[in-house]
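Per-entry structural report
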Amino acid sequence: MSEVRLMKGNEAIAEAAIRCGVDGYFGYPITPQSEVMETLMINKPWETTGMVVLQAESETASINMLYGGAGCGKKVMTSSSSPGISLMQEGLTYLAGAELPCLVVNVVRGGPGLGTIQPAQSDYFQAVKGGGHGDYKLIVLAPASVQEMADFVELAFDLAFKYRNPAMILSDGMIGQMMEKVQMKPFKKRWTNEEIAKMHPWATTGKPASRDRNIITSVELDNQAFERFNYKLQAKYKKIEEEEVRYEEIQCKDAEYLFVAYGSSARICEKAVETMRSEGIKVGLLRPITLFPFPTKPIKALASQVKGMLAVEMSAGQMVEDVRLSVEGKVKVEHYGRLGGVVHSPEEVAEALKEKIIGG
């Protein structure tokens, strides 16, 4: 019989990490994600699974600890919120450049600057376009429930190791702090060093006589060789786009108008869909689950069906640019969102669709 527990989104992240066999968590406290590390400290997984839990001296230190652990083929992760994630950008581009799998959780808060501790979705560009330097991508998952906060930890690690690429769970303060029932997965054992050496031959597990040494690095001074490596990365990202797109369609089959929203905004839009359909307005919702890879093709297909789309996000308008690129000018696309940590209501979202799309 499966175990069901009532918990916060942040607590679900921590519990899922222990259960899926994570080797190490390295983090630094910042609201509204501090419960991730607090829950790990309370559970003391080092006494049960052997998982290392360490509060680093800074976010910069924690992301570089991930580089070391990931280089050894270990399942390692960190979590933070917007200003802390900004401090990690140099380390993230190094991880992407060295093709190291790991998990970073961003429980987004309002910005810019130190900002507020209230929820926002204004880190979309940073997450999906590559917040550090160079041409790289993170695999980005956007949970819309506490259950998905738990489920996406294992999924993120599966994708990260499949493609040797950093993965991010892009959440926000609303889902991080809300409490819902969660169906917990059974415990998985951590990989042994022998299993790591067999599954991940690139890892620095110590050099046996049977192979050459492994070198983990993101530097290459031969520009021709580095160009070839960059083309290799781009081919990997294209494969991810072809094979790993995830999304949810809600009442889209007969929809004449469409919301596109992820995370907390998708929950709000789902209520707006229900309200507007009770008024006789055929509205649907497409919820991107992966932000990279983005569900471009499904949105493009719906552009041939609907009269207009409203991208709803708690920002000044970031994901809306990808929606507009997806529809290729076939239908009108507008943005609606509250800023600075203010959460829009279903009524505001419905009114925005009427004003900007239906009556616009």
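So, a few notes on the structure that sits alongside this text. (Residues numbered from 1 in each chain as written. Predicted model: local features only at pLDDT ≥ 70, side-chain atom pairs only at ≥ 80, totals over all residues. Heavy atoms only, no water.)

**Concerning the environment of F226**
Residue position: F226 is located in helix α10 (residues 223–243). Through-space distance from the C-alpha of F226 to that of L353 is 47 Å; in sequence the pair is 127 residues apart. Contact partners of F226, with chain neighbours within four places excluded, come to S218 and E220. (Helix = DSSP H or I, 4+ residues; strand = E, 2+ residues; numbered from the N terminus. Contact = heavy atoms within 4.5 Å.)

**Overview of the packing of aromatic side chains**
This structure, assessed with the given rule, holds 5 aromatic pairs. Both rings, one in Y124 and one in Y262, keep their centres 5.9 Å apart while their planes meet at 35°; by these two values the pair is tilted. Of this pair, Y124 sits in helix α6 (residues 124–128) while Y262 sits in the loop between β10 (257–260) and α11 (263–278), and the two are 138 residues apart along the sequence. On the basis of an interplanar angle of 90° and a centroid distance of 6.4 Å, the ring pair of Y237 and F292 is categorised as edge-to-face. Taken together, the residues Y237 in helix α10 and F292 in strand β12 (residues 290–292) connect sequence positions 55 residues apart. Take Y237 and F292: they sit in the same class, and that class is buried. Among the aromatic residues, those joined into a ring-pair cluster are Y124, F125 and Y262. In this structure, K75 packs its charged tip against the face of F157, placed 6.0 Å from the ring centre. Over the ring of W191 we find K75; its NZ or CZ atom is 4.8 Å from the centre of that ring. (Phe/Tyr/Trp six-rings, centres within 6.5 Å; stacked < 30°, edge-to-face > 60°. Buried < 20%, exposed > 50% of the residue type's maximum accessible area, 1.4 Å probe, protein only. Lys NZ or Arg CZ within 6 Å of the ring centre and 35° of its normal.)

**Things to note about the side chain of S326**
Within the element layout of this structure, S326 appears in helix α13 (residues 319–327). Residues contacting S326, with those up to four places away along its chain left out, are F294, T296, I299 and K300.

**Some points on unusual backbone geometry**
Cis peptide bonds are those with omega within 30 degrees of zero, and the linkage from G111 to P112 qualifies with 5°. By the element assignment, P112 lies in the loop between β5 (102–108) and α6. With omega at 5°, the peptide bond leading from F292 into P293 counts as cis. Structurally, P293 can be placed in the loop between β12 and α12 (296–303). Within the chain, Q251 stands out as a residue other than glycine whose phi angle is a positive 50°. When you line up the elements, Q251 lands in the loop between β9 (247–250) and β10.

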